[in-house]
Amino acid sequence: DGGITQSPKYLFRKEGQNVTLSCEQNLNHDAMYWYRQDPGQGLRLIYYSQIVNDFQKGDIAEGYSVSREKKESFPLTVTSAQKNPTAFYLCASSIGGGGGQPQHFGDGTRLSIL
Amino acid sequence: AQSVTQPDIHITVSEGASLELRCNYSYGATPYLFWYVQSPGQGLQLLLKYFSGDTLVQGIKGFEAEFKRSQSSFNLRKPSVHWSDAAEYFCAVGSVSGGYNKLIFGAGTRLAVHP
């Protein structure tokens, strides 16, 4: 079945450490997204990518970085500059194009500080 | 700026009762509207979407939503709630910014179902 796979499901970060969250999709979607979810705040967009080798900052990109070297992969790195990284991170993808395209979500990665 | 408001943070209903979750949006043009559901520790699943045409939209799991332009609302309804409907529900509006497809989410409504 087609879908989005996020790994790991749980991740722990030490102070000063960079960690990378994986997101892979086999839906042949052009666009991919990373969201951060905190209790009571809904989803906030970190980065998004419409095509390979292109990505844009979302609303809360500081302390995060991404790459899009392959259509099916969009890894997110949480750097040591992100001082409050504890959150639930969701990856999504869509066919692309206009604002009417629904996004499909992975099952998320929960990141905590050691 | 586009925004989505879900006025109810928590709602509790009895199993078998009807349900209405409220969503209000702010968007300059004809909006693309979505409802998603999230079970604990899981990703979001699309329940239904509105693009244009019929203002009453049917979705999965027996849910429906009605688009009311005059009220800038897109409320989600279900005639009879099941215990398995307990989850968090998110309303979202789709927009295109700089050629990119974006979703703007509300803060969510957490639904509890009493037996």
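In what follows, the accompanying structure is described. Note that residues are indexed from 1 along each chain, following the sequence as it is written. Labels are handed out in written order, letters beginning with A for the chains and numbers beginning with 1 for the ligands. Totals for whole chains, interfaces and linings use every residue, but because this is a predicted model, local features are given only for residues with pLDDT of at least 70 and side-chain atom pairs only at 80 or more, for both listing and counting. Computation of side-chain values: all heavy atoms of the structure, hydrogens and water removed.

1. Overview of the overall build of chain B
Thinking step 1. In this description a helix means any DSSP run of H or I spanning at least four residues, a strand means any run of E spanning at least two, and both kinds are numbered starting from the N terminus. Along chain B, the regular secondary structure elements total zero helices and 12 strands.
Thinking step 2. Overall, chain B shows an N-to-C arrangement of helices and strands of β-β-β-β-β-β-β-β-β-β-β-β.
Thinking step 3. Taking 2.2 N^0.38 as the reference for a compact globule, 115 residues should give roughly 13 Å; the C-alpha atoms of chain B span a radius of gyration of 14 Å, in line with that estimate.
Thinking step 4. In terms of its C-alpha atoms, chain B occupies a principal-axis envelope of roughly 45 × 30 × 25 Å.
Thinking step 5. Working definition: with a 1.4 Å probe on protein chains only, accessible area under 20% of the residue-type maximum means buried, over 50% means exposed, and in between means partly exposed. Expressed as a percentage of its 115 residues, the buried residues of chain B come to 45%.
Thinking step 6. All accessible areas in this document rest on Shrake-Rupley with a 1.4 Å probe, and a residue is counted as covered only by the protein chains that are shown. Just so you have it, chain B exposes about 5400 Å², and 49% of that area is on carbon and sulfur atoms.
Thinking step 7. Think of it this way: Lys and Arg go in the positive column, Asp and Glu in the negative one, and His and the chain ends go nowhere. Taken as the charge location is NZ of Lys, CZ of Arg, CG of Asp or CD of Glu. One finds the centroid of the 9 positive side-chain charges in chain B at a distance of 7 Å from the centroid of its 8 negative side-chain charges. The atom set for the radius of gyration is the C-alpha atoms, and the globule formula is 2.2 Å times the number of residues raised to the power 0.38.

2. With respect to the environment of Trp35 of chain B
Residues and elements named next belong to chain B.
Thinking step 1. Structurally, the position occupied by Trp35 is in strand E5 (residues 32–38).
Thinking step 2. A relative accessible area of 0% means that Trp35 is categorised as buried.
Thinking step 3. With 66 residues separating them in the primary sequence, Trp35 and Asn101 have C-alpha atoms 16 Å apart.

3. Some words on the layout of surface pockets
Thinking step 1. Using only the protein atoms, space was sampled on a 1 Å grid; points where a 1.4 Å probe fits but cannot get out form cavities, open sets with protein on both sides within 12 Å along at least five of seven lines form pockets, and lining residues are those with an atom within 4 Å of a point. Grid points are joined across faces, edges and corners, and a volume is the space filled by probe spheres set on the points. Quantified by volume, the largest pocket comes out at close to 400 Å³.
Thinking step 2. Elements represented by at least two residues in the lining of the largest pocket include exactly strand E9 (87–94) and strand E11 (109–113) of chain A together with strand E10 (87–97) of chain B.
Thinking step 3. Here the element with the most residues in the lining of the largest pocket is E10 of chain B; it accounts for three residues.
Thinking step 4. Each pocket or cavity is described by its volume, and for the second largest pocket that value is around 160 Å³.
Thinking step 5. Forming the walls of the second largest pocket are Tyr35, Gln41, Leu43, Arg44, Leu45 and Asp59 of chain A together with Lys102, Leu103, Ile104 and Phe105 of chain B.

4. Digging into the sheet that holds strand E7 (residues 64–66) of chain A
Residues and elements named next belong to chain A.
Thinking step 1. DSSP bridges decide pairing: two strands pair if at least two such bridges lie between them. One open sheet accounts for four strands, arranged E1-E3-E8-E7; its pairing is antiparallel. Since the sheet does not close on itself, it has two edges, and those belong to strand E1 (4–7) and E7, each with one partner. The average angle at which neighbouring strand axes cross in this sheet is 20 degrees, direction not considered.
Thinking step 2. Relative to strand E8 (residues 76–78), strand E3 (residues 19–25) runs antiparallel, the two being bridged by three bridges. Paired with Val19 across the two strands is Val78, which belongs to E8. Here the axes come from fitting lines to C-alpha atoms, over the contacting stretch only for helices, and the angles between their N-to-C directions go from 0 to 180 degrees.

5. Quick look at the nonpolar core
All names here are of chain B.
Thinking step 1. Formed by 26 residues in total, the largest nonpolar core has its most connected members in Leu19, Trp35, Leu47, Leu48, Phe74, Leu76 and Tyr89.
Thinking step 2. Those elements that place two or more of their residues in this core are strand E2 (10–14), strand E3 (19–21), E5, strand E6 (44–50), strand E8 (64–68), strand E9 (73–78), E10 and strand E12 (109–114).
Thinking step 3. For this core, the leading source of residues is E10, giving four residues.
Thinking step 4. Any two residues having at least one pair of non-hydrogen atoms within 4.5 Å are treated as being in contact. Each residue touching Leu19, except ones within four places of it in the same chain, is listed here: Ile11, Val13, Phe63, Leu76, Arg77, Lys78, Val81 and Leu111. Residues enter a nonpolar core if they are buried and are Ala, Val, Leu, Ile, Met, Phe, Trp, Tyr or Cys, with the set joined through side-chain atoms within 4.5 Å.

6. A closer look at the state of the cysteines
Thinking step 1. Only a pair of cysteine sulfur atoms within 2.5 Å qualifies as a disulfide here. Within the structure shown, the criterion is met by two disulfides over all chains.
Thinking step 2. Through a disulfide, Cys23 of chain A is tied to Cys91 of chain A; the S-S separation comes to 1.9 Å. Its S-S torsion of approximately -75 degrees makes the covalent link between Cys23 of chain A and Cys91 of chain A left-handed. Note that Cys23 of chain A is positioned in strand E3 and Cys91 of chain A in strand E9, a separation of 68 residues in sequence.
Thinking step 3. Between the sulfur atoms of Cys23 of chain B and its disulfide partner Cys91 of chain B the distance amounts to 2.0 Å. The chirality of the disulfide connecting Cys23 of chain B with Cys91 of chain B is left-handed, given an S-S dihedral of about -65 degrees. Of this pair, Cys23 of chain B sits in the loop between E3 and strand E4 (24–26) while Cys91 of chain B sits in strand E10, and the two are 68 residues apart along the sequence.

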